[in-house]
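Coordinates in review
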Amino acid sequence: MLPFRLVYSSGYYLPIGEHVFPAQKYRQIHQRLLQEHIAAAEDFLEPQPASDEDILLVHTGDYVRKLKTGTLSPLEEMQLEVPYSPELVRAFWLAAGGSILAAERAMADGIAVNIGGGFHHAFPDHGEGFCVIHDVAVAIRRLQKDGKIKTAMTVDCDVHHGNGTAAIFGGHAGSPAPLPSSAGGRAKPRITTAPAGDVFTISLHQQNNYPAWKPPSSIDVNLPDGVGDVDYLHWLDNALSSAFRQFQPDLLCYIAGADPYREDQLGGLALTIEGLKQRDELVFRVGRARQIPVMVTFAGGYARNVEDTVTIHCNTVLAAKEASQRKAG
Ligand SMILES: [Zn+2]
């Protein structure tokens with residue numbers, strides 16, 4: 001049995017038909033983790049849907065009402081880029097409940113993984129980019145409300161900028177300023193910083209990609225096209241070091257997108273499957289070293305071969321397992 005819990009429900013499946021978002025990936029990850037004996041059946045916890053009260057900690061009453069009554073405007077529905085249905089709304093309430101449970105379990109066990117979630121493009125008053133509800137933000141606000149944490153840090157390694165996260169937790173005075181950093185001949189990303197409130201947000205993403213408007217995170221690493229393993233790991237390490245010089249979170253929320261992968265259809269970076277696992281290991285190592293609980297969500301992944309996306313996500317669980325075993329040994 002794993003020394004931490006995995007949160008999963010068959011209800012994570014998104015009823016969106018033929019779509020570039022592989023909604024079946026959650027079921028496939030669950031199966032693969034069991035088949036390869038990375039996890040056992042008793043390692044999984046079944047989440048309950050978040051309550052409306054939880055969702056309203058982040059989202060506006062008007063938006064929640066439109067979702068629940070099926071009254072989004074055609075433009076709002078188009079922005080989602082997934083077809084609206086009451087079942088879709090249920091799946092997102094469940095994903096948010098899963099992230100709440102994973103955050104609670106991370107506080108208890110040091111690590112927890114939601115085999116879903118990471119819908120970082122959802123804003124308080126609208127959804128976009130396949131994201132209806134910002135499950136990670138809901139989880140953070142709920143744990144703050146319950147007095148279980150005061151502060152959190154989001155480490156967003158999806159290839160796309162965490163615009164919803166930045167919009168929810170940002171909005172603090174001060175203009176972005178360049179961060180001094182050593183590059184040593186590498187293709188330099190454009191790094192910007194902004195003051196943080198009670199949640200410090202890091203986004204490491206491809207600059208020339210969706211979303212066009214990128215509201216400022218506490219640290220944004222705007223990577224040039226085609227960045228590979230070595231440079232990516234360097235800049236992630238650099239961003240994490242800078243972040244921890246400024247901020248001590250009670251909980252680290254790792255958004256482990258599979259789409260920085262070189263074979264991704266919606267990404268333009270060039271990480272290998274092995275490089276992505278090293279990325280996961282780096283985040284878990286930092287959490288362990290600083291004794292900060294790490295809660296994981298999976299976000300995007302659009303590899304030409306969906307099996308690669310499944311492998312990348314399963315490797316994140318494997319990296320968490322190896323990190324825990326190192327601690328035990
Ligand atoms: Zn993405």
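Scope of this entry: the structure provided in the associated data block. What you see is a predicted model; the values in this text were computed from it and never measured.

1. Examining the coordination of the zinc ion
- Looking at the metal site, the zinc ion is ligated by Asp158 (OD), Asp158 (OD), His160 (ND1) and Asp259 (OD), spaced 1.9 to 2.8 Å from it.
- Here the zinc ion binds four donor atoms, and the angle range of 52 to 152 degrees at the metal identifies the geometry as irregular.
- Read in sequence order, the donor residues coordinating the zinc ion give the pattern D-x1-H-x98-D. Residue histidine 160 is located in the loop between strand E4 (152-156) and helix H7 (163-169), and its partner aspartate 259 is located in the loop between strand E9 (251-255) and helix H9 (273-289); the two are separated by 99 residues in the primary sequence. There is no split in this pair, since histidine 160 and aspartate 259 are both buried.

2. With respect to the packing of helix H8 (residues 229-246) against H9
- Where H8 meets H9, the closest approach of the two axes is 10 Å, and the angle between their N-to-C directions is 15 degrees. As the angle between them shows, H8 and H9 are arranged roughly parallel. For the element pair H8 and H9, the recorded crossing hand is right-handed. Residue-level inspection shows Asp229, Tyr232, Leu233, Leu236, Asp237, Leu240 and Phe244 of H8 in contact with H9, the latter providing Gly275, Gln278, Arg279, Leu282, Val283 and Val286.
- Within the contact of H8 with H9, the residues separate by chemical class into eight nonpolar, two polar and three charged.

3. Notes on helix H5 (residues 86-109)
- With 24 residues, H5 should cover 34 Å at 1.5 Å per step; its first-to-last C-alpha distance of 34 Å lies within 8% of that length.
- Glycine 110 sits one or two residues past H5 and shows a positive phi near 95 degrees.

4. Notes on the pairing of strand E7 (residues 199-206)
- Within E7, eight of the eight residues are buried, leaving the element largely enclosed by the surrounding structure.
- Two elements, E4 and E7, share five bridges in a ladder whose sense is parallel. Paired with alanine 152 across the bridge in E7 is valine 199.
- Relative to strand E8 (residues 219-223), E7 is paired through five bridges, and the arrangement is parallel.

5. So, the nonpolar core
- Leu6, Leu33, Ile115 and Ile133 are the most contacted members of the largest nonpolar core, which has 110 residues in total.
- Residues in contact with isoleucine 115, not counting those within four places in the same chain, are Leu6, Val7, Tyr8, Tyr12, Tyr26, Ile29, Leu33, Phe44, Phe298 and Val317.

6. What to know about the pattern of salt bridges
- Per the counting criterion, the structure on display carries 18 salt bridges.
- Put simply, lysine 148 and glutamate 104 hold a salt bridge, and the shortest N to O gap is 3.5 Å. Within this pair, whereas lysine 148 is found in the loop between helix H6 (135-145) and E4, its partner glutamate 104 is found in helix H5, the two being separated by 44 residues in sequence.
- For glutamate 104, a relative accessible area of 22% translates into the label partly exposed.
- Where glutamate 322 meets lysine 277, a salt bridge forms, and the shortest distance between an N and an O atom there is 2.9 Å. Placement of glutamate 322 in helix H10 (residues 306-328) and of lysine 277 in helix H9 is noted, with a sequence separation of 45 residues between them.

7. A look at the packing of H5 against H6
- At their nearest, the axes of H5 and H6 sit 8 Å apart, and the two run at 50 degrees to each other. By the angle between their axes, H5 is oblique relative to H6. H6 is crossed by H5, and the crossing has right-handed handedness. Where H5 approaches H6, its residues Ala95, Ala96, Ser99, Ile100, Ala103, Glu104 and Met107 are matched on the opposing element by Asp135, Val138, Ala139, Arg142 and Leu143.
- Classifying every residue of the contact of H5 with H6 gives eight nonpolar, one polar and three charged.

Criteria and cut-off values
Residues numbered from 1 in each chain as written. Predicted model: local features only at pLDDT ≥ 70, side-chain atom pairs only at ≥ 80, totals over all residues. Heavy atoms only, no water. Donors = N, O, S within 2.8 Å, 3.2 Å for Na, K, Ca; no water. Tetrahedral: all angles 85-135°; square planar, octahedral: opposite > 155°, others 65-115°. Helix = DSSP H or I, 4+ residues; strand = E, 2+ residues; numbered from the N terminus. Buried < 20%, exposed > 50% of the residue type's maximum accessible area, 1.4 Å probe, protein only. Axes fitted to C-alpha atoms, helices over the stretch in contact; angles between N-to-C directions. Parallel < 35°, antiparallel > 145°, perpendicular 65-115°, else oblique. Left-handed = near helix turned anticlockwise from the far one by under 90°. Contact = heavy atoms within 4.5 Å. Nonpolar A, V, L, I, M, F, W, Y, C, P; charged D, E, K, R; others polar. Expected span 1.5 Å × (residues − 1). Pairing = 2+ DSSP bridges. Core = buried A, V, L, I, M, F, W, Y, C linked by side-chain atoms within 4.5 Å. Salt bridge = Lys/Arg side-chain N within 4 Å of Asp/Glu carboxyl O.

Just distances and angles here, no functional claims.
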